[in-house]
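# Remarks on the overall topology
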Amino acid sequence: MNKNTQGFALAIFGVLLLAPDVVIMRWISIPHMDVIFWRGIGFIIGFSGLVFYRYKSDFFVVIKKAGWIGVASGLLFALGTYCYTISIQTIGAASTMVIISSAPIFAALINWLFLNQRMHIFSIVAIFFVLTGIVFIAFTDINQFGISSLLALSSAVFMAINFNLAQSKADTDISPGLIWGGIILTVIALFNGVPEVQDKEVDAVLVLINAIFIMPIGFTLLQIAPRFINATQTSVCLLLEPLVGPLIVFLMLGEKPGGNTFIGCAIIFVAVIYYIYNESIQHKKAYIKEMDAPFL
């Protein structure tokens, strides 16, 4: 498996692990700050366990090696999670996903401005059609704009910056810094006091389990992916979530997607496949060119 394929595989598998979170957020009925608290605790446990599994006795070494870049990554992750959670509980899952789908645009812009990464025409075409597909899915759900919409947009920006940060430090694994994200989320939630779990035990446990076992693996894979592919490519893979989300909602909640959803899913699927195919072609050409270059 070459470097490019490995990067896409990590990003896509990470997205698939995160996709069920939309359904969980639909199930639970606990306040936003309580969700933040339990997610923060879960992320501390989950990311710590994952780092320990990967690095064993070098646990503290790799956290220290990630340095302030790791802390910055954790902060961006915490801010993005906070904005995402409150947005999805106020304007709904579909609307939030539409707005967050702008992440590739910000990632490409940051990549171009600060990392001098050229953006191919097929990247622009793919992003345009993926956004078109997502709008088809959530068109009837977008009926209000305000602070929650700005929070969703902020989540997309934080995500894009984080991916570019990981790409800029491709020689260092900064994913252990996500532990700081869990700590920051917990501290933020504690300003609202320790949440009561009476009559909400099932919801709290569900959020906690998801934050300990599933989401840390998904986010870690997405954080590692930019070491193999660029930040724009990683964020484009995130756009598969609106394709997987409606299917999971249908299978678990019995909510049959409407006609617009089917059209949107088809557009997203074709656009993402088109994008990955063209990226693979570009990578292959670059590899051949490198191999054919005269040895000096």
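Use the structure listed above.
First, a word on what this report is: a plain description of the structure on this page. The shown structure was predicted, so the numbers you read here are calculated from the model rather than taken from an experiment. (Residues numbered from 1 in each chain as written. Predicted model: local features only at pLDDT ≥ 70, side-chain atom pairs only at ≥ 80, totals over all residues. Heavy atoms only, no water.)

## Re a nonpolar patch on the surface
Cut-off, in case you're wondering: The patch calculation keeps residues exceeding 30% relative accessible area without a salt bridge and links them within 9 Å when they carry like charges or within 5 Å when they are nonpolar (Val, Leu, Ile, Met, Phe, Trp, Tyr). Per-residue and other accessible areas were derived by the Shrake-Rupley procedure at a 1.4 Å probe size, with only the shown protein chains allowed to occlude residues. The rule for a salt bridge is simple: a side-chain nitrogen of Lys or Arg has to be within 4 Å of a carboxyl oxygen of Asp or Glu. Secondary structure counts use DSSP, requiring at least four H or I residues in a row for a helix and at least two E residues in a row for a strand, with both numbered from the N terminus. When accessible area is computed with a 1.4 Å probe and restricted to protein chains, residues below 20% of their type maximum are described as buried, those above 50% as exposed, and intermediate ones as partly exposed.
A cluster of nonpolar side chains, W27, L247, F250, L251 and M252, forms an exposed patch at the surface whose accessible area comes to about 530 Å². Ranked by residue count, the leading element in the nonpolar patch is helix α12 (residues 241–253), at four residues. Looking at W27, the relative accessible area reads 40%, which means it is partly exposed.

## Concerning the packing of aromatic side chains
Selection rule: Any two of the Phe, Tyr and Trp rings considered here, Trp counted by its six-membered ring, make a pair once their centres fall within 6.5 Å; the pair's planes then place it as stacked at under 30 degrees, edge-to-face at over 60, or tilted in between. Sitting over a ring, as applied to charges here, requires NZ of Lys or CZ of Arg to be within 6 Å of the ring centre and within 35 degrees of the ring normal.
Applying the stated criterion to the full structure yields nine aromatic pairs. Aromatic pair F43 and F47: ring centres 5.5 Å apart, planes at 40°, arrangement tilted. Of this pair, F43 and F47 both sit in helix α3 (residues 32–55), four residues apart, which is roughly one turn of the helix. With centroids separated by 6.3 Å and ring planes inclined at 90°, the aromatic side chains of F43 and F219 adopt a geometry described as edge-to-face. One end of the pair, F43, is in helix α3; the other, F219, is in helix α10 (residues 201–224), and 176 residues separate them in sequence. F219 matches F43 in its accessibility class, with the two residues each being buried. Taken together, the ring pairs in this structure connect F43, F47, F77 and F219 into an aromatic cluster. One Lys or Arg, K56, reaches over the ring of Y53 and ends 4.9 Å from the middle of that ring.

## A closer look at the side chain of T81
Operational definition: A 3.5 Å cut-off defines polar contacts: any pair of N or O atoms within that distance qualifies, except that in protein one atom must be a possible hydrogen donor and the other a possible acceptor, and neighbouring residues in sequence count only when both atoms are side-chain atoms. Should any heavy atoms of two residues lie within 4.5 Å, those residues are considered in contact.
Its location among the elements puts T81 in helix α4 (residues 59–90). Classification of T81 as buried rests on a relative accessible area of 6%. In terms of polar contacts, T81 uses its side chain to reach the backbone carbonyl oxygen of F77, at 2.8 Å. Among all residues touching T81, those that are not within four sequence positions of it are I36, R39, F43 and L185.

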